[in-house]
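Understanding the architecture of this molecule
One letter stands for each residue in the lines below.
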Amino acid sequence: MTQTVNCPTCGKKVVWSEASRFRPFCCERCRLIDLGAWADESHRIAGEPLEDVSSEASGNEHSPRDTPH
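Note that the structure is predicted; figures quoted are calculated from it, not measured.

Helix and strand counts for the protein stand at two helices and two strands. For the protein, the sequential pattern of α-helices and β-strands runs β-β-α-α. Counting over 69 residues, the protein shows a buried share of 14%. Look at the contacts in the protein between residues 6 or more apart in sequence, and 4% of them connect residues 24 or more apart.

So this is what it looks like as structure tokens:
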């Protein structure tokens, strides 16, 4: 029996097999659209924001990125 899944981006049916190069996506375009959504934080994992423990441990109020060069 052949298992199919829906592409998370466009909903197109995708055969779940090693032959499906971009699974669970139907194509590279849909895979890249999804990657971009993670990169711009449209997709995120639910949870409480993390505190910046590195600045607390060093006693600095600002991270090195906040300091002008």
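Resuming the write-up.
Formed by C7, V14, F22, F25 and C30, the largest nonpolar core amounts to five residues. In contact with F22, other than residues within four places in its own chain, are C27, E28 and R31.

A few words on the side chain of D34. With respect to the element layout, D34 can be found in helix 1 (residues 28-39). We note that D34 is buried and unpaired, the nearest opposite charge coming from R31 at a distance of 8.6 Å. Here H43 takes part through its side chain, which lies 3.3 Å from a polar atom of the side chain of D34.

Now for the pattern of salt bridges. Within the structure shown, the criterion is met by one salt bridge. A salt bridge links E28 to R31, with the shortest nitrogen-to-oxygen separation between them at 3.4 Å. Note that E28 and R31 are positioned in helix 1 at a spacing of three residues, about one turn of the helix. By relative accessible area, E28 is classed as partly exposed at 39%. Note on R31: relative accessible area 32%, which makes it partly exposed.

Conventions we followed
- Residues numbered from 1 in each chain as written.
- Predicted model: local features only at pLDDT ≥ 70, side-chain atom pairs only at ≥ 80, totals over all residues.
- Heavy atoms only, no water.
- Helix = DSSP H or I, 4+ residues; strand = E, 2+ residues; numbered from the N terminus.
- Buried < 20%, exposed > 50% of the residue type's maximum accessible area, 1.4 Å probe, protein only.
- Contact = heavy atoms within 4.5 Å.
- Core = buried A, V, L, I, M, F, W, Y, C linked by side-chain atoms within 4.5 Å.
- Lys, Arg positive; Asp, Glu negative; His and termini not counted.
- Salt bridge = Lys/Arg side-chain N within 4 Å of Asp/Glu carboxyl O.
- Polar contact = N/O pair within 3.5 Å; in protein donor to acceptor, adjacent residues only side chain to side chain.

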